[in-house]
Amino acid sequence: MRSKVIAGNWKMNKDADESVELINGLLTRGAEIPAAVTVVLCPPFTSLAIAHRLLDGSPFFLGAQNMHYEDEGAFTGEVSAAMLKSVGCSYVILGHSERRQLFGETNELVNRKLRKALASGLTPIVCVGETLEEREREVTEQVISVQLKGALKDVSEADVARTIIAYEPVWAIGTGRNATPDQAQDVHRFIRKLIGQMYSWTTAEKVVIQYGGSVKPDNAAGLLGKPDIDGALVGGACLKVESFFGIVKATSL
Ligand code: 13P
């Protein structure tokens, strides 16, 4: 049985003081996290150190929103896997569509980051997803296939088993228009089958596949109730304690 993973991607929101306030609010609800559910907070880099201190001994895990694939050096503005680990991160989001679209990240770059994250002992959350234009052209599966095969190039079977895939249709991100549970389930099933073909069905069954894109408390249970939807990568709704916990608790509905 795969356990559910709910991750909050704060994106470029919350300065240090606001982060402390949100984390303190989340901490008051920690005891409500169902036993089989992992909850990950991914604040901006500037809040990771303070988040690490506040979350110590709590049931929440910490993740970052991006990283560089090199260990160190002249890479102005970048942060390494070891740096993330030094501030308590155990997860890292890679290849988010905003990074692909706004910052030119390619499948090859995502693959280099993924291999470094795995080698460093971080749990990567690798994002894939089609644009509205691609969905309308009915090439969703081809797009996902190219993204997934590109990201997983030279990744071993043991490593893919501990990689989280997040299916985030670009047209559903920040639009209030989520994929229906059936639409999402179809793509999640496709992703699992593809991993089964690339590796083995035993491994494919172990991979956690999250859905992301306008997940809210009122649509979470429908999505999370589908057999291949193993969690959520939440944007806007993770910025408020009440709505984030509405989603966390939907895992047990
Ligand atoms: P929203 O939940 O705001 O649509 O964002 C989803 C997302 O991009 C999470 O990574």
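The structure under discussion appears in the preceding block.
About the cut-offs
Residues numbered from 1 in each chain as written. Predicted model: local features only at pLDDT ≥ 70, side-chain atom pairs only at ≥ 80, totals over all residues. Heavy atoms only, no water. Near = heavy atom within 4 Å. Polar contact = N/O pair within 3.5 Å; in protein donor to acceptor, adjacent residues only side chain to side chain. Areas by Shrake-Rupley, 256 points an atom, 1.4 Å probe, with all protein chains shown as cover. Nonpolar A, V, L, I, M, F, W, Y, C, P; charged D, E, K, R; others polar. Buried < 20%, exposed > 50% of the residue type's maximum accessible area, 1.4 Å probe, protein only. Helix = DSSP H or I, 4+ residues; strand = E, 2+ residues; numbered from the N terminus. Arc of directions from axis to C-beta. Contact = heavy atoms within 4.5 Å. Phe/Tyr/Trp six-rings, centres within 6.5 Å; stacked < 30°, edge-to-face > 60°.

1. What about the site of the ligand?
Working step 1: By nearness alone, every residue bordering the ligand is listed as N9, K11, H96, E168, A172, I173, G174, G213, S214, L233, G235 and G236.
Working step 2: In the environment of the ligand, an oxygen atom lies 2.6 Å from a nitrogen or oxygen atom belonging to the backbone of G174.
Working step 3: In this structure, an oxygen atom belonging to the ligand sits 2.8 Å away from a main-chain N or O atom of S214.
Working step 4: Contact with the protein chains covers 97% of the free accessible surface of the ligand, which is 310 Å².
Working step 5: Grouping the constituent residues of the shell around the ligand by class yields three nonpolar, seven polar and two charged.

2. Points about helix α11 (residues 217–224)
Working step 1: Buried residues of α11: N219, A220, L223 and L224, and no others. Down the axis, α11 shows its buried residues gathered within 130° of arc, on one side only.
Working step 2: On its buried side, α11 packs onto β1 (4–9), α9 (181–198), β7 (209–212), β8 (231–234) and α12 (241–250).

3. Some thoughts on the packing of aromatic side chains
The relative placement of two aromatic rings is captured by the distance of their centres and the angle of their planes.
Working step 1: In this structure the tally under the stated criterion is four aromatic pairs.
Working step 2: Both rings, one in F61 and one in Y91, keep their centres 6.0 Å apart while their planes meet at 70°; by these two values the pair is edge-to-face. Taken together, the residues F61 in strand β3 (residues 60–64) and Y91 in strand β4 (residues 91–94) connect sequence positions 30 residues apart.
Working step 3: By relative accessible area, which is 37% here, F61 ends up partly exposed.

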